[in-house]
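So the chains spell out like this:
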Amino acid sequence: MTQQPARICILGGGFGGLYTALRLSQLPWKSQKPEIVLVDQSDRFLFSPLLYELLTGELQTWEIAPPFSEIFAGTGIRFYQGTVTGINIDEQRVHLQEGSEIPYDRLVLALGGETPLDMVPGATSYAFPFRTIDDAYHLEARLRLLEESPVDKIRVAIVGGGYCGVELACKLADRLQNRARIRLVEMTDQILRTSPEHNRIAASKALDARGIWIDLETKVQEIEPQAIALEYKNQVDTIPVDIVIWTVGTRVSPVVRSLPLKQQHGKLTTTSTLQVVDHPEIFALGDLADCRDAEGQQIPSTAQAAFQQADYVGWNVWASLTERPLLPFRYQHLGEMMTLGTDNATFTGLGIKLDGPLAYVARRLAYLYRMPTLGHKLKVGINWITSPFTELAE
């Protein structure tokens, strides 16, 4: 009897999961190639750093969210669209919502995080998260209703002065123009606390130029259907709003939190080889992994980090099945990029500091390089080059 090929099951099709799968499909399997299975709730991969561009019409869904069926064509990777409801780590089986099971020899946990909307009363019912394609569609539908309404000013409150909040504020200001009244609500005493100073200064200038109001050291007490209650210096003011967008926090999915595995800060603890402690057959990366690399530095929960981790996880899964030594992860901070409107961005890293239109182009090119397949890079790149001429001809 021929031995069944090993099965590698990857849960989550974000940066961590998708790029791990693609890496595994490219490695040299001298004997029988294992079955590579990727499971995700959506039928599309989302290039999340470009999600803001959907709201301004700069990009289309197909450019930033290609279907998995298109990405995996010719790779041998099998894709399941489904929701993970449980993982039996003793029997090495993944349970899906529709009742099917997937046994595995190696498991890669890359389910990402969720936006916690239960942090203040009313947020679950009335706030818009901004993490997925569906989130962008729901926000787009609400914006269109308001744009078509007779209201003079569209009042927007964005909770969180981190990257997502700042980028959203600038994009929405450019979309809504003089109809916008946007406020950015931040608990601490400054926006972009973890960002390089150059990026923070450029962002502050961009927000100021667009007339965006910034509420620092301000807490959200409650969100109502058309109002938000804000606390500043022990005084609570209720302010009328048309949209509240929630960008604060990331929480690991309940399926992962319920696993009997070592966890810290609500995340799975991994070794430097990105294996879950005491379970070398399970690898974890991205938002759900509490990871320190070979140098002992804490790895941030960013797309850049997940992209780098995926390369190591792919190699280490392959090494564990082919009896080769595993490599400890070494994180390289390559810089930070932010979009600050429809023709502006900022970039800091590798000894370079840019902002303005040049940084905007550099950001686009950097993300084009990171697109998942050569075919998709070519389609998107050609579209970006030709679209200005197409618009002129119309």
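Residues numbered from 1 in each chain as written. Predicted model: local features only at pLDDT ≥ 70, side-chain atom pairs only at ≥ 80, totals over all residues. Heavy atoms only, no water.

## Considering the nonpolar core
Ranked by internal contacts, the top residues of the largest apolar core, which has 81 residues, are Ile 64 and Phe 130. In this view, Ile 64 contacts Phe 45, Leu 46, Phe 47, Leu 50, Leu 51, Leu 54, Leu 59 and Ile 133; residues no more than four positions away in its chain are not counted. Among the nonpolar cores identified, the runner-up in size contains 24 residues, and Tyr 104, Leu 109, Val 256 and Ala 289 belong to it. (Core = buried A, V, L, I, M, F, W, Y, C linked by side-chain atoms within 4.5 Å. Buried < 20%, exposed > 50% of the residue type's maximum accessible area, 1.4 Å probe, protein only. Contact = heavy atoms within 4.5 Å.)

## A look at the sheet that holds strand E15 (residues 235–240)
An order of E13-E14-E15 is seen for the 3 strands of this open sheet, with the pairing classed as antiparallel. The open sheet has two edge strands with one neighbour each: strand E13 (218–224) and E15. Averaged over all pairs of adjacent strands, the angle between strand axes in this sheet comes to 25°, irrespective of strand direction. Across 6 bridges, the pairing between strand E14 (residues 227–232) and E15 is antiparallel. (Pairing = 2+ DSSP bridges. Helix = DSSP H or I, 4+ residues; strand = E, 2+ residues; numbered from the N terminus. Axes fitted to C-alpha atoms, helices over the stretch in contact; angles between N-to-C directions.)

## Structural notes on the pattern of salt bridges
On inspection of all chains with the given rule, the structure shows 19 salt bridges. Asp 287 serves as the salt-bridge partner of Arg 131, at 3.8 Å between the closest nitrogen and oxygen. Residue Arg 131 is found in the loop between strand E9 (127–129) and helix H6 (133–148), and its partner Asp 287 is found in the loop between strand E21 (279–284) and strand E22 (289–290); the two are separated by 156 residues along the sequence. Residue class for Arg 131 comes out partly exposed when judged on its relative accessible area of 26%. For Arg 175, the salt bridge identified is with Glu 147, shortest N-O distance 2.8 Å. Of this pair, Arg 175 sits in helix H7 (residues 163–176) while Glu 147 sits in helix H6, placing them 28 residues apart in sequence. Residue Glu 147 is classed as partly exposed on the basis of its relative accessible area, which comes to 27%. Look at the salt bridges and you will find they share partners, linking Glu 53, Glu 58, Lys 171, Arg 363 and Arg 364 into a network. (Salt bridge = Lys/Arg side-chain N within 4 Å of Asp/Glu carboxyl O.)

## Comments concerning the UniProt feature "domain: FAD/NAD(P)-binding" (unreviewed entry) in the protein chain
When the UniProt feature table is mapped onto this chain numbering, "domain: FAD/NAD(P)-binding" (unreviewed entry) sits at residues 7–310. Secondary structure across residues 7–310 divides into 28% helix and 30% strand, with the first and last C-alpha atoms of the span separated by 18 Å. (UniProt positions renumbered as here; feature names shortened; annotations may be inferred.)

## Regarding the confidence of the model for the protein chain
Per-residue confidence for the protein chain gives a mean pLDDT of 93; residues scoring 70 or more make up 98%. Here helix H12 (residues 374–393) stands out as the element of the protein chain with the lowest mean pLDDT, 81, in contrast to strand E7 (residues 106–109), whose mean of 98 is the highest. (pLDDT = per-residue confidence, 0-100.)

## Thoughts on the sheet that holds E9
Reading across from one edge, E9-E16-E10-E11-E12 is the order of the 5 strands in this open sheet, with parallel pairing throughout. What marks the edges here is a single partner per strand, and that holds for E9 and strand E12 (213–215). The mean angle between the axes of side-by-side strands here comes to 25°, regardless of whether they run parallel or antiparallel. Note that strand E10 (residues 154–159) and strand E11 (residues 180–185) share 6 bridges and pair parallel. Opposite Arg 155, over in E11, you have Arg 181 as the bridge partner.

## Some details on the environment of Thr 61
Along the chain, Thr 61 turns up in helix H3 (residues 61–64). A relative accessible area of 19% places Thr 61 in the buried class. Between the C-alpha atom of Thr 61 and that of Val 244, which follows or precedes it by 183 residues, the distance is 23 Å. Not counting residues within four places of it along the chain, the set of residues in contact with Thr 61 comprises Arg 44, Leu 54, Ile 133 and Tyr 137. A polar side-chain atom of Thr 61 sits 2.8 Å from a polar atom in the side chain of Tyr 137. (Polar contact = N/O pair within 3.5 Å; in protein donor to acceptor, adjacent residues only side chain to side chain.)

## Structural notes on the side chain of Arg 200
Position of Arg 200 relative to the elements: it lies in helix H8 (residues 197–209). Despite its burial, Arg 200 remains without a salt bridge, the nearest opposite charge being carried by Glu 197 at 5.6 Å. The contact partners of Arg 200, leaving out residues within four places of it in the chain, are Gln 190, Ile 191, Leu 192, Arg 193 and Ser 195. (Lys, Arg positive; Asp, Glu negative; His and termini not counted.)

## Remarks on the packing of helix H1 (residues 15–26) against helix H10 (residues 303–321)
Between H1 and H10, the shortest axis-to-axis distance is 8 Å and the interhelical angle comes to 35°. The way H1 lies across H10 gives a crossing that is right-handed. On H10, the residues that touch Phe 15, Gly 16, Tyr 19, Thr 20, Arg 23 and Leu 24 of H1 are Ala 303, Ala 306, Phe 307, Ala 310, Asp 311, Val 313, Gly 314, Trp 315, Val 317 and Trp 318. For the contact of H1 with H10, the class distribution of residues is 11 nonpolar, 3 polar and 2 charged. (Left-handed = near helix turned anticlockwise from the far one by under 90°. Nonpolar A, V, L, I, M, F, W, Y, C, P; charged D, E, K, R; others polar.)

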